[in-house]
Amino acid sequence: NAGVMQNPRHLVRRRGQEARLRCSPMKGHSHVYWYRQLPEEGLKFMVYLQKENIIDESGMPKERFSAEFPKEGPSILRIQQVVRGDSAAYFCASSPPWGAEEQFFGPGTRLTVL
Amino acid sequence: GESVGLHLPTLSVQEGDNSIINCAYSNSASDYFIWYKQESGKGPQFIIDIRSNMDKRQGQRVTVLLNKTVKHLSLQIAATQPGDSAVYFCAEIPNQAGTALIFGKGTTLSVSS
């Protein structure tokens with residue numbers, strides 16, 4: 001039973017480019033959460049999605065960031081026109097349908113903006 | 001704002017010692033708490049959890065204590081091993097189903113042999 005998978009593991013972008021981060025939840029999990037971790041800090045919640053629905057995006061920056069979890073395929077976190085301040089580790093977690101308490105984390109994508 | 005925080009950013013212990021990592025939380029409405037271990041370059045890994053109706057919960061070599069009076073959470077690791085070296089985070093979920101984890105800043109545990 002594979003765990004949460006994220007790719008790419010490392011992503012380098014120049015300022016102004018787009019970054020697309022992918023997350024495949026654990027088998028049987030229909031809830032996905034995205035978190036951002038800045039160096040030397042804890043994880044900060046960004047967005048919570050179920051299949052085809054955004055449930056809570058209270059932690060998402062208002063501009064340039066978007067997320068989706070289509071009926072088929074992985075969840076995508078998209079950052080448009082990246083800036084150096086977007087450099088961070090982005091973690092995806094998934095949980096079963098009955099709640100957020102059993103969140104399992106992926107290995108993360110480390111985004112570096114040059 | 002309401003958040004979970006840790007008392008000490010770093011903790012250094014000798015192999016075989018017991019380690020205690022502390023966390024203070026401010027949201028009295030939170031009813032579920034989790035400790036995570038994060039090794040360098042990896043995602044957080046679940047260690048142990050506790051609900052607000054409990055004071056103590058034990059796992060393998062780990063114990064979590066919850067003091068709701070002072071809103072304090074601690075993780076005790078018995079006979080600490082070099083493999084325990086990592087960053088430890090406490091996290092909470094407010095009293096609401098399907099919501100996100102609120103993480104503290106973390107304590108870096110270094111175990112020397």
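Re the overall build of chain B
Check the secondary structure of chain B and you find zero helices and 11 strands. When the elements of chain B are put in sequence order from the N terminus, they spell out β-β-β-β-β-β-β-β-β-β-β. The C-alpha atoms of chain B give 13 Å as radius of gyration, which agrees with the globular expectation for 113 residues (13 Å, within 12%). When its C-alpha atoms are laid out on the principal axes, chain B stretches across 40 × 30 × 20 Å. Burial status across chain B gives 44% buried among its 113 residues. Surface summary for chain B: the accessible area is close to 5,500 Å², and the carbon and sulfur share equals 46%. Distance from the positive charge centre (9 side chains) to the negative charge centre (9 side chains) of chain B: 2 Å.

What about the interface of chain A and chain B?
Residue-level contacts link 17 residues of chain A with 18 residues of chain B. A buried area of about 1,400 Å², summed over both sides, lies between chain A and chain B, and 55% of it is on carbon and sulfur atoms. Applying the counting rule to chain A against chain B returns zero salt bridges. Between the two partners, chain A and chain B, sit four residue pairs in polar contact (both at pLDDT 80 or more).

Some remarks on the layout of surface pockets
As a volume, the largest pocket reaches approximately 410 Å³. What lines the largest pocket is a set of 22 residues, and nearest its centre among them are A:Gln37, A:Pro39, A:Glu40, A:Glu41 and B:Gln38. Going through the elements one at a time, β9 (88-95) and β11 (109-113) of chain A together with β9 (86-94) and β11 (107-112) of chain B are the ones with two or more residues in the lining of the largest pocket. In terms of residue class, the lining of the largest pocket is made up of eight nonpolar, eight polar and six charged. Each pocket or cavity is described by its volume, and for the second largest pocket that value is around 260 Å³. As for the second largest pocket, its lining consists of B:Lys37, B:Gln45, B:Phe46, B:Ile47, B:Gly59, B:Gln60, B:Arg61, B:Val62, B:Ile77, B:Asp84 and B:Tyr88.

Concerning the sheet that holds strand β8 (residues 75-79) of chain A
Residues and elements named next belong to chain A. Spatially, the four strands line up as an open sheet ordered β1-β3-β8-β7, and their pairing is antiparallel. Among the strands making up the open sheet, the edge pair consists of β1 (5-7) and β7 (65-68). When strand polarity is set aside, the average angle formed by the axes of neighbouring strands in this sheet is 15 degrees. Where β1 and strand β3 (residues 19-24) come together, three bridges link them in antiparallel fashion. Residue pairing across strands places Asn 7 opposite Arg 22, the latter belonging to β3.

Examining the pattern of salt bridges
All names here are of chain A. Scanning the model with the defined rule gives seven salt bridges over all chains in all. In this structure, Glu 18 engages Arg 78 in a salt bridge whose closest nitrogen and oxygen atoms are separated by 2.9 Å. In this pair, Glu 18 sits in the loop between β2 (10-13) and β3 while Arg 78 sits in strand β8, placing the two residues 60 residues apart along the sequence. Relative accessible area serves as the criterion here: at 29%, Glu 18 is assigned to the partly exposed category. Arg 78 sits in the partly exposed class, given a relative accessible area of 28%.

Focus: the nonpolar core
If you look at the biggest cluster of nonpolar residues, it comprises 23 residues, and the most contacted ones within it are A:Trp34, A:Met46, A:Leu77 and A:Tyr90. When contributions to this core are tallied by element, the ones reaching two or more residues are β3, β4 (31-37), β5 (43-50), β7, β8, β9 and β11 of chain A. Core analysis: the next-biggest nonpolar cluster, separate from the first, contains 20 residues, B:Val13, B:Val64, B:Leu66 and B:Val111 among them.

As for the packing of aromatic side chains
Going through the model one piece at a time under the given rule, you end up with nine aromatic pairs over all chains. Both rings, one in A:Tyr33 and one in A:Tyr48, keep their centres 4.5 Å apart while their planes meet at 5 degrees; by these two values the pair is stacked. In this pair, A:Tyr33 sits in strand β4 while A:Tyr48 sits in strand β5, placing the two residues 15 residues apart along the sequence. A relative accessible area of 0% means that A:Tyr33 is categorised as buried. Plain terms: the ring middles of A:Tyr35 and B:Phe103 are 5.7 Å apart, the flat faces sit at 85 degrees to each other, and that makes the pair edge-to-face. Here B:Phe103 lies in strand β10 (residues 102-103) and A:Tyr35 lies in strand β4, a pairing that spans two chains.

A short note on the environment of A:Phe69
All names here are of chain A. If you trace the backbone, Phe 69 turns up in the loop between β7 and β8. Judged by its relative accessible area of 3%, Phe 69 is buried. Residues Phe 69 and Gln 50, 19 residues apart in the sequence, show an inter-C-alpha distance of 6.7 Å.

What counts as what
- Residues numbered from 1 in each chain as written.
- Chains lettered and ligands numbered in written order.
- Predicted model: local features only at pLDDT ≥ 70, side-chain atom pairs only at ≥ 80, totals over all residues.
- Heavy atoms only, no water.
- Helix = DSSP H or I, 4+ residues; strand = E, 2+ residues; numbered from the N terminus.
- Rg over C-alpha atoms; globule rule 2.2 N^0.38 Å.
- Buried < 20%, exposed > 50% of the residue type's maximum accessible area, 1.4 Å probe, protein only.
- Areas by Shrake-Rupley, 256 points an atom, 1.4 Å probe, with all protein chains shown as cover.
- Lys, Arg positive; Asp, Glu negative; His and termini not counted.
- Charge placed at Lys NZ, Arg CZ, Asp CG, Glu CD.
- Contact = heavy atoms within 4.5 Å.
- Buried area = accessible area lost by both parts, 1.4 Å probe.
- Salt bridge = Lys/Arg side-chain N within 4 Å of Asp/Glu carboxyl O.
- Polar contact = N/O pair within 3.5 Å; in protein donor to acceptor, adjacent residues only side chain to side chain.
- 1 Å grid on protein atoms, 1.4 Å probe; cavity = no way out; pocket = protein on both sides within 12 Å on 5 of 7 lines; lining within 4 Å.
- Points joined across faces, edges and corners; volume = space filled by probe spheres on them.
- Nonpolar A, V, L, I, M, F, W, Y, C, P; charged D, E, K, R; others polar.
- Pairing = 2+ DSSP bridges.
- Axes fitted to C-alpha atoms, helices over the stretch in contact; angles between N-to-C directions.
- Core = buried A, V, L, I, M, F, W, Y, C linked by side-chain atoms within 4.5 Å.
- Phe/Tyr/Trp six-rings, centres within 6.5 Å; stacked < 30°, edge-to-face > 60°.

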